[in-house]
Amino acid sequence: MPNSPAALTPGTVLVLVDLQQWIVSRPVAPLSGPEVVRSAARLKTAFEAAGQPVVLVRYARMDGSDGGPDSAFNRFAPEVAARPGNEVVTKYGIDAFAGTDLADRLNRLGATDLVIAGIATEYGVGETVRTAVNLGYPTTVVEDAVAALSPQGHTAAVDAFHRMGVTLTRTDPLLTPAA
(Lines give C-alpha, C1' and ligand atoms only; values in the text may rest on other atoms or scores of the structure.)
Protein backbone atom coordinates (compact mmCIF):
# COMPACT_ATOMS: atom_id res chain seq x y z
CA MET A 1 0.00 0.00 0.00
CA PRO A 2 2.05 3.00 -1.18
CA ASN A 3 2.04 6.16 0.87
CA SER A 4 0.30 4.44 3.81
CA PRO A 5 0.63 5.54 7.41
CA ALA A 6 2.87 3.24 9.44
CA ALA A 7 -0.13 2.04 11.43
CA LEU A 8 -1.80 0.68 8.35
CA THR A 9 1.06 -1.34 6.91
CA PRO A 10 0.81 -5.13 6.67
CA GLY A 11 1.60 -6.86 9.93
CA THR A 12 0.42 -4.05 12.19
CA VAL A 13 -2.39 -5.03 14.57
CA LEU A 14 -4.53 -2.67 16.64
CA VAL A 15 -5.12 -3.89 20.22
CA LEU A 16 -7.82 -2.06 22.19
CA VAL A 17 -7.72 -2.82 25.91
CA ASP A 18 -10.67 -2.72 28.32
CA LEU A 19 -12.95 -0.28 26.51
CA GLN A 20 -16.04 -1.72 28.12
CA GLN A 21 -18.83 0.67 29.02
CA TRP A 22 -18.38 0.28 32.78
CA ILE A 23 -14.66 1.04 32.52
CA VAL A 24 -15.08 3.94 30.10
CA SER A 25 -17.60 5.56 32.47
CA ARG A 26 -15.12 5.62 35.39
CA PRO A 27 -13.22 8.81 36.22
CA VAL A 28 -9.88 8.67 34.36
CA ALA A 29 -7.11 11.10 33.43
CA PRO A 30 -5.65 12.94 31.60
CA LEU A 31 -8.54 12.32 29.18
CA SER A 32 -12.08 11.22 29.91
CA GLY A 33 -13.27 7.75 28.95
CA PRO A 34 -15.45 9.14 26.12
CA GLU A 35 -12.44 11.06 24.74
CA VAL A 36 -10.36 7.86 24.74
CA VAL A 37 -13.18 6.00 23.01
CA ARG A 38 -13.49 8.68 20.29
CA SER A 39 -9.81 8.32 19.39
CA ALA A 40 -9.93 4.52 19.68
CA ALA A 41 -12.97 4.44 17.38
CA ARG A 42 -11.08 6.48 14.77
CA LEU A 43 -8.19 4.04 14.97
CA LYS A 44 -10.49 1.03 14.74
CA THR A 45 -12.34 2.44 11.73
CA ALA A 46 -9.07 3.19 9.91
CA PHE A 47 -7.62 -0.26 10.61
CA GLU A 48 -10.82 -1.98 9.48
CA ALA A 49 -11.00 0.14 6.31
CA ALA A 50 -7.41 -0.83 5.50
CA GLY A 51 -8.12 -4.51 6.13
CA GLN A 52 -5.77 -4.54 9.13
CA PRO A 53 -6.56 -6.72 12.16
CA VAL A 54 -8.27 -5.34 15.25
CA VAL A 55 -8.19 -7.16 18.59
CA LEU A 56 -10.58 -6.09 21.34
CA VAL A 57 -9.58 -7.15 24.83
CA ARG A 58 -12.10 -7.22 27.65
CA TYR A 59 -11.77 -7.88 31.34
CA ALA A 60 -14.20 -10.23 33.07
CA ARG A 61 -14.26 -11.47 36.64
CA MET A 62 -13.08 -15.04 37.04
CA ASP A 63 -15.89 -15.83 39.50
CA GLY A 64 -18.59 -14.72 37.03
CA SER A 65 -20.00 -12.18 39.47
CA ASP A 66 -20.16 -9.66 36.61
CA GLY A 67 -22.43 -11.94 34.58
CA GLY A 68 -19.57 -13.35 32.49
CA PRO A 69 -17.74 -12.10 29.42
CA ASP A 70 -20.83 -11.80 27.23
CA SER A 71 -23.03 -10.06 29.80
CA ALA A 72 -24.50 -6.60 29.28
CA PHE A 73 -22.18 -5.44 32.07
CA ASN A 74 -19.12 -6.31 29.98
CA ARG A 75 -20.23 -4.81 26.67
CA PHE A 76 -17.73 -2.69 24.80
CA ALA A 77 -18.52 1.00 24.33
CA PRO A 78 -20.77 1.12 21.24
CA GLU A 79 -18.25 3.13 19.19
CA VAL A 80 -15.68 0.33 19.46
CA ALA A 81 -17.99 -2.69 19.62
CA ALA A 82 -16.76 -5.85 17.94
CA ARG A 83 -17.69 -6.28 14.30
CA PRO A 84 -17.32 -9.32 12.09
CA GLY A 85 -13.63 -9.93 11.51
CA ASN A 86 -12.53 -8.41 14.84
CA GLU A 87 -10.85 -10.69 17.34
CA VAL A 88 -12.18 -10.62 20.92
CA VAL A 89 -9.99 -11.77 23.80
CA THR A 90 -11.31 -12.15 27.33
CA LYS A 91 -8.82 -11.75 30.17
CA TYR A 92 -9.35 -12.40 33.85
CA GLY A 93 -6.38 -10.39 35.09
CA ILE A 94 -4.55 -7.22 34.17
CA ASP A 95 -2.29 -8.33 31.29
CA ALA A 96 -4.06 -9.19 28.01
CA PHE A 97 -1.47 -11.91 27.34
CA ALA A 98 -1.62 -13.67 30.73
CA GLY A 99 -3.85 -16.74 30.64
CA THR A 100 -5.27 -15.91 27.19
CA ASP A 101 -4.60 -16.94 23.61
CA LEU A 102 -3.64 -13.40 22.55
CA ALA A 103 -0.08 -14.37 21.57
CA ASP A 104 -1.40 -17.25 19.44
CA ARG A 105 -3.95 -14.99 17.77
CA LEU A 106 -1.32 -12.36 16.99
CA ASN A 107 0.89 -15.06 15.49
CA ARG A 108 -2.01 -16.35 13.38
CA LEU A 109 -2.74 -12.78 12.22
CA GLY A 110 0.89 -12.36 11.14
CA ALA A 111 1.47 -9.53 13.60
CA THR A 112 4.83 -7.82 13.34
CA ASP A 113 3.95 -4.55 15.12
CA LEU A 114 1.30 -3.58 17.68
CA VAL A 115 -0.61 -0.35 18.18
CA ILE A 116 -2.18 -0.32 21.64
CA ALA A 117 -4.83 1.93 23.18
CA GLY A 118 -7.34 1.71 26.01
CA ILE A 119 -7.89 2.13 29.74
CA ALA A 120 -6.06 2.12 32.12
CA THR A 121 -2.59 3.25 31.16
CA GLU A 122 -1.02 2.04 34.40
CA TYR A 123 -2.87 -1.29 34.53
CA GLY A 124 -4.29 -3.22 31.57
CA VAL A 125 -2.61 -1.11 28.90
CA GLY A 126 0.71 -0.93 30.74
CA GLU A 127 1.00 -4.64 31.49
CA THR A 128 -0.06 -5.57 27.97
CA VAL A 129 2.53 -3.19 26.53
CA ARG A 130 5.23 -4.61 28.81
CA THR A 131 4.50 -8.17 27.69
CA ALA A 132 4.30 -7.15 24.01
CA VAL A 133 7.74 -5.55 24.26
CA ASN A 134 9.12 -8.60 26.11
CA LEU A 135 7.78 -10.79 23.29
CA GLY A 136 9.69 -8.66 20.79
CA TYR A 137 6.85 -6.68 19.22
CA PRO A 138 7.67 -3.14 18.18
CA THR A 139 4.89 -1.37 20.07
CA THR A 140 3.18 1.99 19.67
CA VAL A 141 0.91 3.54 22.31
CA VAL A 142 -1.55 6.18 21.12
CA GLU A 143 -1.45 8.97 23.71
CA ASP A 144 -4.86 10.45 22.91
CA ALA A 145 -6.42 6.99 23.13
CA VAL A 146 -5.25 6.05 26.64
CA ALA A 147 -6.12 7.23 30.13
CA ALA A 148 -5.35 6.15 33.67
CA LEU A 149 -7.11 6.01 37.02
CA SER A 150 -4.97 8.94 38.17
CA PRO A 151 -2.78 11.60 36.53
CA GLN A 152 0.21 10.26 38.48
CA GLY A 153 -0.45 6.70 37.31
CA HIS A 154 -0.66 7.90 33.71
CA THR A 155 2.61 9.84 33.96
CA ALA A 156 4.41 6.90 35.57
CA ALA A 157 3.16 4.50 32.88
CA VAL A 158 4.15 6.83 30.03
CA ASP A 159 7.60 7.26 31.60
CA ALA A 160 7.92 3.46 31.75
CA PHE A 161 6.91 3.21 28.09
CA HIS A 162 9.72 5.62 27.18
CA ARG A 163 12.24 3.50 29.10
CA MET A 164 11.01 0.35 27.29
CA GLY A 165 11.51 1.95 23.88
CA VAL A 166 7.80 2.12 23.08
CA THR A 167 6.78 4.62 20.40
CA LEU A 168 4.31 7.22 21.67
CA THR A 169 2.18 9.12 19.20
CA ARG A 170 -1.28 10.56 18.70
CA THR A 171 -4.12 9.43 16.44
CA ASP A 172 -3.76 12.09 13.74
CA PRO A 173 -0.05 11.58 13.00
CA LEU A 174 -0.48 7.82 13.17
CA LEU A 175 -3.24 7.84 10.58
CA THR A 176 -1.84 10.56 8.30
CA PRO A 177 -0.22 9.16 5.16
CA ALA A 178 3.47 9.87 4.76
CA ALA A 179 4.28 12.34 2.01
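For the structure, check the block above.
Since the structure is predicted, the reported quantities are computational estimates derived from the model, not experimental observations.

Thresholds applied
Residues numbered from 1 in each chain as written. Predicted model: local features only at pLDDT ≥ 70, side-chain atom pairs only at ≥ 80, totals over all residues. Heavy atoms only, no water. Salt bridge = Lys/Arg side-chain N within 4 Å of Asp/Glu carboxyl O. Helix = DSSP H or I, 4+ residues; strand = E, 2+ residues; numbered from the N terminus. Pairing = 2+ DSSP bridges. Axes fitted to C-alpha atoms, helices over the stretch in contact; angles between N-to-C directions. Contact = heavy atoms within 4.5 Å. Phe/Tyr/Trp six-rings, centres within 6.5 Å; stacked < 30°, edge-to-face > 60°. Lys NZ or Arg CZ within 6 Å of the ring centre and 35° of its normal. Buried < 20%, exposed > 50% of the residue type's maximum accessible area, 1.4 Å probe, protein only. Right-handed = clockwise from strand over helix to strand, strands pointing away. Patch = residues over 30% accessible without salt bridge, like charges linked within 9 Å, V, L, I, M, F, W, Y side chains within 5 Å. Areas by Shrake-Rupley, 256 points an atom, 1.4 Å probe, with all protein chains shown as cover. Core = buried A, V, L, I, M, F, W, Y, C linked by side-chain atoms within 4.5 Å. Polar contact = N/O pair within 3.5 Å; in protein donor to acceptor, adjacent residues only side chain to side chain.

## Focus: the pattern of salt bridges
All told, the structure shown has nine salt bridges when counted by the stated rule. The salt bridge involving Arg42 is made with Asp172; its shortest N-O contact spans 2.6 Å. Taken as a pair, Arg42 in helix 2 (residues 33-49) and Asp172 in helix 6 (residues 171-175) lie far apart in primary sequence, 130 residues in all. Here Lys44 and Glu48 are joined by a salt bridge, their closest N and O atoms 2.6 Å apart.

## Considerations on the sheet that holds strand 3 (residues 87-91)
Taken in spatial order, the six strands line up as 3-2-1-4-5-6 in an open sheet, and their pairing is parallel. Each of the sheet's edge strands pairs with one partner strand only, and the pair in question is strand 3 and strand 6 (167-169). With strand direction ignored, the average angle separating the axes of adjacent strands in the sheet is 25 degrees. Here strand 5 (residues 139-147) runs beside strand 6; their pairing, made up of three bridges, is parallel. Bridge pairing in strand 6 places Thr140 opposite Thr167. Along the sheet face, helix 2 touches strand 1 (12-17), strand 2 (54-59), strand 4 (113-119) and strand 5 and points at about 140 degrees away from the line of strand 5.

## A short note on the packing of aromatic side chains
Under the defined criterion, the tally for this structure stands at one aromatic pair. In this structure, Arg61 is placed above the aromatic ring of Trp22, and the distance from its NZ or CZ to the ring centre is 5.7 Å.

## Focus on the pairing of strand 5
With eight of nine residues buried, strand 5 lies mostly within the body of the structure. Bridging between strand 4 and strand 5 involves five bridges; their strand directions are parallel. Within strand 5, the position partnered with Ile119 by the bridge is Ala147. Crossover connection from strand 5 via helix 5 (residues 151-164) to parallel strand 6: handedness right-handed.

## Examining unusual backbone geometry
Between Ala29 and the following residue, Pro30, the backbone shows a cis peptide bond with an omega angle of 5 degrees. Looking at the secondary structure, you find Pro30 in the loop between helix 1 (21-24) and helix 2. A cis amide bond links Ile119 to the next residue, Ala120, at an omega of 10 degrees. Even without being glycine, Asp18 reaches a positive phi, approximately 60 degrees. With respect to the helices and strands, the residue Asp18 is situated in the loop between strand 1 and helix 1.

## A closer look at a nonpolar patch on the surface
A contiguous nonpolar patch, built from Ile94, Tyr123 and Leu149 and spanning about 270 Å² of accessible area, is present on the exposed surface. For Ile94, the position within the fold is in the loop between strand 3 and helix 3 (102-108). With relative accessibility at 43%, the residue Ile94 sits in the partly exposed group.

## Describing the nonpolar core
One finds Leu16, Leu19, Leu43, Val80 and Ile119 to be the most contacted residues of the largest nonpolar core, which totals 29 residues. Elements supplying a minimum of two residues to this core: strand 1, helix 1, helix 2, strand 2, strand 4, strand 5 and helix 6. Considering every element that reaches this core, the biggest residue donor is helix 2, with seven residues. Membership of the second largest hydrophobic core comes to 24 residues, among which are Val57, Ala111, Ile116 and Ala157.

## Here's the deal with the side chain of Thr139
Along the chain, the position of Thr139 falls in strand 5. The class for Thr139 is buried, based on a relative accessible area of 5%. Here the side chain of Thr139 touches Tyr137 through a polar contact of 2.8 Å, landing on its backbone oxygen. Excluding residues within four positions of it along the chain, Thr139 makes contact with Leu114, Ile116, Val129, Ala132, Val133, Val166 and Thr167.

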